[in-house]
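Okay, here's what each chain looks like letter by letter:
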Amino acid sequence: MLKQKRKTTMLNLLRLYEEEFCFNAYRGGNDGDAFRFDNRNSRLILTAPHAVRTFRNAKAKAPDVFTGGLTRLAGERNNVSSIIRRRTGEEKNAVADFISQQHLEHNCFLDIHGMKSSREFELAVGTGILPAAAYAPELELIGQLAEKYQIRWVTNHPNYSGKLGLTGRLQQLIPSPRVLQLEWRSDLRDFYRFPSNVQNRTLPFLSALISDSKLFFRQKQT
């Protein structure tokens, strides 16, 4: 009974948190900062730069729906900071510029995105412009967690390598393995249609990765 109550509370929180991003057809609010920054002074930071609609070269880009609520709750439950796009605007370098303005370039990041529902894999991990070998401990852990939570995953798929996003951008500034991109298929982030997946697979996976990643990344100080 208590376990069921916790799951219900978790779903209610996810829905509540997503309201900030899905407002105005996923354009977010018109006032306030472009990013929601929940600063918990952690070395590891979660990011969701496409939680709302953005523009890429003046062309509208669809949001990665549900990544806002997921990222906020994962940060809150694991006591790590999170940066989430909450207002529509130009996409190029926006989150990287925000990180620079906050003087967080030397922190470590898990960059959370969403991919097409038609993919045969459920999670795509991108190591950006650095080779996968640079992230050997993290990828080994991801493999173990993926097996535990029965998540089909790939590394550096051509469409989801992270080279052109926050991962690659921060690696250009500081060429060390501090950033990983995580692209989730819709059925592992849609807590309305697939609540069991999100509660029993996605969130536990993220919590375990966050917990161990804090130790991994902490060793990689300049």
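Everything that follows concerns the structure shown earlier in this document.
Overview of the structure.

How each quantity is defined
Residues numbered from 1 in each chain as written. Predicted model: local features only at pLDDT ≥ 70, side-chain atom pairs only at ≥ 80, totals over all residues. Heavy atoms only, no water. Helix = DSSP H or I, 4+ residues; strand = E, 2+ residues; numbered from the N terminus. Rg over C-alpha atoms; globule rule 2.2 N^0.38 Å. Buried < 20%, exposed > 50% of the residue type's maximum accessible area, 1.4 Å probe, protein only. Areas by Shrake-Rupley, 256 points an atom, 1.4 Å probe, with all protein chains shown as cover. Lys, Arg positive; Asp, Glu negative; His and termini not counted. Charge placed at Lys NZ, Arg CZ, Asp CG, Glu CD. Salt bridge = Lys/Arg side-chain N within 4 Å of Asp/Glu carboxyl O. Phe/Tyr/Trp six-rings, centres within 6.5 Å; stacked < 30°, edge-to-face > 60°.

Below, the discussion takes up the overall build of the chain. On a plain count of helices and strands, the chain comes out with six helices and 10 strands. Relative to the globule expectation of 17 Å for 222 residues, the C-alpha radius of gyration of the chain, 16 Å, shows essentially globular dimensions. On the principal axes, the C-alpha backbone points of the chain span a range of 45 × 40 × 35 Å. Relative to its full complement of 222 residues, the chain shows a buried share of 53%. When the accessible area of the chain is evaluated, it comes to approximately 10,600 Å², of which 49% is carbon and sulfur surface. Separation of charge centres in the chain, based on 33 positive and 22 negative side chains, amounts to 2 Å.

For the rest of this paragraph, the subject is the pattern of salt bridges. In the structure shown here, the tally under the stated rule is seven salt bridges. Between Asp97 and Arg169 there is a salt bridge, and its shortest N-O distance comes to 3.8 Å. Residue Asp97 is located in helix α3 (residues 94-101), and its partner Arg169 is located in helix α5 (residues 166-173); the two are separated by 72 residues in the primary sequence. For Arg169, a relative accessible area of 27% corresponds to the partly exposed category. Across the pair Arg201 and Glu122 runs a salt bridge whose closest N-O atoms are separated by 3.1 Å. A residue pair is termed long-range when its members are at least 10 positions apart, and Arg201 in helix α6 (residues 195-218) and Glu122 in the loop between β7 (108-115) and β8 (123-126) qualify at 79 residues. The exposure class assigned to Arg201 is buried, which follows from its relative accessible area of 15%. Members of the salt-bridge network, linked through shared partners, are Glu20, Arg36, Asp38 and Arg86.

A full pass over the atoms with the stated rule returns seven aromatic pairs. Both rings, one in Phe66 and one in Tyr192, keep their centres 6.1 Å apart while their planes meet at 45°; by these two values the pair is tilted. One end of the pair, Phe66, is in the loop between β4 (59-61) and α2 (67-78); the other, Tyr192, is in the loop between β10 (179-185) and α6, with 126 residues separating them in the sequence. Accessibility expressed as a relative area gives 47% for Tyr192, which makes it partly exposed. Taking the centre distance of 6.4 Å and the plane angle of 80° together, the rings of Phe121 and Tyr160 count as edge-to-face. Linking Phe121 in the loop between β7 and β8 with Tyr160 in the loop between β9 (153-155) and α5, this pair joins segments that are 39 residues apart in sequence. The pair formed by Phe121 and Tyr160 is uniform in burial state, with each residue classed as buried.

That's the geometry; what it means functionally is another story.
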